[in-house]
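Spelled out from the first residue to the last, the chains are:
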Amino acid sequence: MQFKKSLIITVLGLSILGFSTGASAANNDGLVDSEVTQSNKQADNTNLISGRAAKPSNSSRIDVYKPLLGKTYAVAKSSSTVKEDYIYAKARTFNGDGALIKSNSTSAKKTTYTSVRADNGTVYSGNDWAIGNHTYKLKGFKDINHETKAYW
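An account of the accompanying structure is given in this report.

Let's shift gears to the packing of aromatic side chains. Across all of its chains, the model carries two aromatic pairs by this definition. A ring pair is formed by Y65 and Y73, whose centres lie 4.9 Å apart and whose planes are at 20 degrees; its orientation type is stacked. The buried category is assigned to Y73, whose relative accessible area is 18%. Between R117 and the ring centre of Y73, over which it is positioned, the NZ or CZ distance is 3.7 Å. The cationic tip of K149 hangs over the ring face of W129; the distance from NZ or CZ to the ring centre is 5.0 Å.

Below, the structure is given as structure tokens:
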């Protein structure tokens, strides 16, 4: 009896913990520490694969790098599970005071992936951070815009 009670309390606690983690991520409005993944809803019956509608899943992230030798930098990566008509990625680095250090962007057509690098300009990154902006466009689907953020 004591074992059953302990097991039920443990399962209940884990369920609550899992629910609260999901809720906080949902309230983040697209701004996350480093990654966003989202499925796009179909607007019409175009983009068919094997008679079924392709439902793209877009994954956006910004990664920050602090090499042992050399200056710090950030890389914004935008990828999709299907070939998008247009993918855009922008990486921006900021110092601890919020001033823009470096910005760089790229776009590609008829692809599933693009990435761009923005140097931070210093070896020391202190309170610096990076923001990535990502856009996905595919005919017949809503345009998707993500913003990601990461700290060194």
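Right, let's talk about the pattern of salt bridges for a bit. Summed over the entire model, instances satisfying the criterion amount to five salt bridges. Residue D85 pairs with K110 through a salt bridge whose shortest N-O separation is 2.9 Å. One end of the pair, D85, is in strand β6 (residues 73-94); the other, K110, is in strand β7 (residues 100-119), and 25 residues separate them in sequence. Look at K110 and you get exposed, because its relative accessible area is 54%.

What counts and how
Chains are numbered independently. Their residues run from 1 in the order of the written sequence. A pLDDT threshold of at least 70 governs which residues receive local features in this predicted model, and a stricter bar of 80 or more applies before side-chain atom pairs are shown or counted, although totals over entire chains, interfaces and linings include all residues. As a convention, hydrogens and water are excluded, and side-chain values are obtained from all of the structure's heavy atoms. Pairing of aromatic rings covers Phe, Tyr and Trp, the last counted by its six-membered ring, and requires centre-to-centre distances within 6.5 Å; plane angles under 30 degrees mean stacked, over 60 mean edge-to-face, and any other angle means tilted. Burial classification: accessible surface area is computed with a 1.4 Å probe over protein chains only, and a residue below 20% of its type maximum counts as buried, one above 50% as exposed, and the rest as partly exposed. Only when the NZ of Lys or the CZ of Arg is both within 6 Å of the ring centre and within 35 degrees of the ring normal is a charge said to sit over the ring. The term salt bridge refers to a side-chain nitrogen of Lys or Arg lying within 4 Å of a carboxyl oxygen of Asp or Glu. Helix and strand labels come from DSSP, where a helix needs a run of H or I of at least four residues and a strand needs a run of E of at least two; each type is numbered from the N terminus.

In short, the description is geometric, and any link to function would need to be established separately.
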